[in-house]
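# Remarks on the overall topology
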Amino acid sequence: MERAGFWASERSLSVLAGVVVVSTFVIAPLTPPVGIGNGLLTLTYLALLGSGIAAVSRRGPAIYLISALALVSFVARTATFFVPGDVSEVGRKLSGAMFALLLAAVIFERIFRAGHVTVHRISGAVAAYLLIGLVFAYLYDAIEILIPGSFHYATTALRDVALADPMAYFSFTTLTTVGYGDITPQTPITQSLANLEALIGQLFPTILIARLVALELLPRPDTKE
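Rules and cut-offs
Once a new chain begins, its residue numbering starts again from 1 and follows that chain's sequence as written. A pLDDT threshold of at least 70 governs which residues receive local features in this predicted model, and a stricter bar of 80 or more applies before side-chain atom pairs are shown or counted, although totals over entire chains, interfaces and linings include all residues. Side-chain figures throughout are based on the complete set of non-hydrogen atoms in the structure, without hydrogens or water. Secondary structure elements follow DSSP: runs of H or I of four or more residues count as helices, runs of E of two or more count as strands, with numbering from the N terminus. Contact definition: two residues touch when any of their heavy atoms are within 4.5 Å. Residue burial is assigned from relative accessible area. The probe radius is 1.4 Å, only protein chains are included, and a residue is buried under 20% of its type maximum, exposed over 50%, and partly exposed in between. Polar contact criterion, stated in full: a pair of N or O atoms within 3.5 Å, where within protein one must be able to donate a hydrogen and the other to accept it, and residues adjacent in sequence count only if both atoms are side-chain atoms. Here an angle of 0 to 180 degrees is reported between the N-to-C directions of two axes, which are lines fitted to C-alpha atoms, with helices fitted over the stretch in contact. Working definition: roughly parallel below 35 degrees, roughly antiparallel above 145 degrees, roughly perpendicular at 65 to 115 degrees, and oblique for all remaining angles. When the near helix sits turned anticlockwise from the far one by under a right angle, the crossing is termed left-handed; a clockwise turn instead gives a right-handed crossing. Residue polarity follows a fixed list, in which Ala, Val, Leu, Ile, Met, Phe, Trp, Tyr, Cys and Pro are nonpolar, Asp, Glu, Lys and Arg are charged, and the others, Gly among them, are polar.

## Structural notes on the overall build of the protein chain
Looking only at helices and strands, one finds nine helices and two strands in the protein chain. When the helices and strands of the protein chain are read in sequence order from the N terminus, they spell out α-α-α-α-α-α-β-α-α-β-α. Taking contacts inside the protein chain between residues at least 6 apart in sequence as the whole, the part at least 24 apart equals 73%.

## So, the side chain of T187
With respect to the helices, strands and loops of the structure, T187 is situated in the loop between β2 (183–185) and α9 (188–217). Looking at T187, the relative accessible area reads 17%, which means it is buried. Among the polar contacts made by the side chain of T187, one reaches the side chain of T190 at a distance of 2.8 Å.

## Section: the packing of helix α4 (residues 62–82) against helix α5 (residues 86–112)
Running from amino to carboxyl end, α4 crosses α5 at an angle of 155°, the nearest separation of the two axes being 8 Å. It follows from the interaxial angle that α4 and α5 lie roughly antiparallel. Here α4 runs over α5; the crossing is left-handed. Here A62, L65, I66, L69, A70, V72, S73, A76, R77 and T80 of α4 come into contact with α5, specifically with S88, E89, G91, R92, S95, G96, M98, F99, L102, L103 and V106. When its residues are assigned to classes, the contact of α4 with α5 shows 12 nonpolar, six polar and three charged.

Here it is as structure tokens:
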């Protein structure tokens, strides 16, 4: 009962945020995607899927769709080990993007529902923001596989680096509108996606802060007259 209560509470958002941060900015960039590294990356992704499902375990019908997408995403990722190739890689990227997008949407619903602001809601907002970056990273990867040359790399070393995902790097620099210029979109679809991501990156903090302030100013329902 205690375990179920934990995952049904807002504390689960903080756990999810921690898993997303560690997997995206620590394990993924520092783990070579070969041999044992592949296994570690798969376990890390499984932890991300599991924490995402657990964090929305009490969200009604959404849990079934998220669970189904998580299963599809994990199967697609596993398939790349047994059937390597562009088709399996694109399937892995697109299924990962759909899962991250739906999870971010459900987290938004939890953050913006009636109630006062807590540190766990703020952690959930961080998780949702990072998930948006992952959605675009998966999409950029899929497009680059389908249409090679969709991105221009300033150096071949950046393109061939083995310990990091250049598209994840590009996605987060675009989301935060840093834009170093070492990776640039070259096709209309990638340019359009980059513009959309940059726009979301600008609007997200503004909308989030406005909503959280509004929630905090609401009268507390448990306040005794």
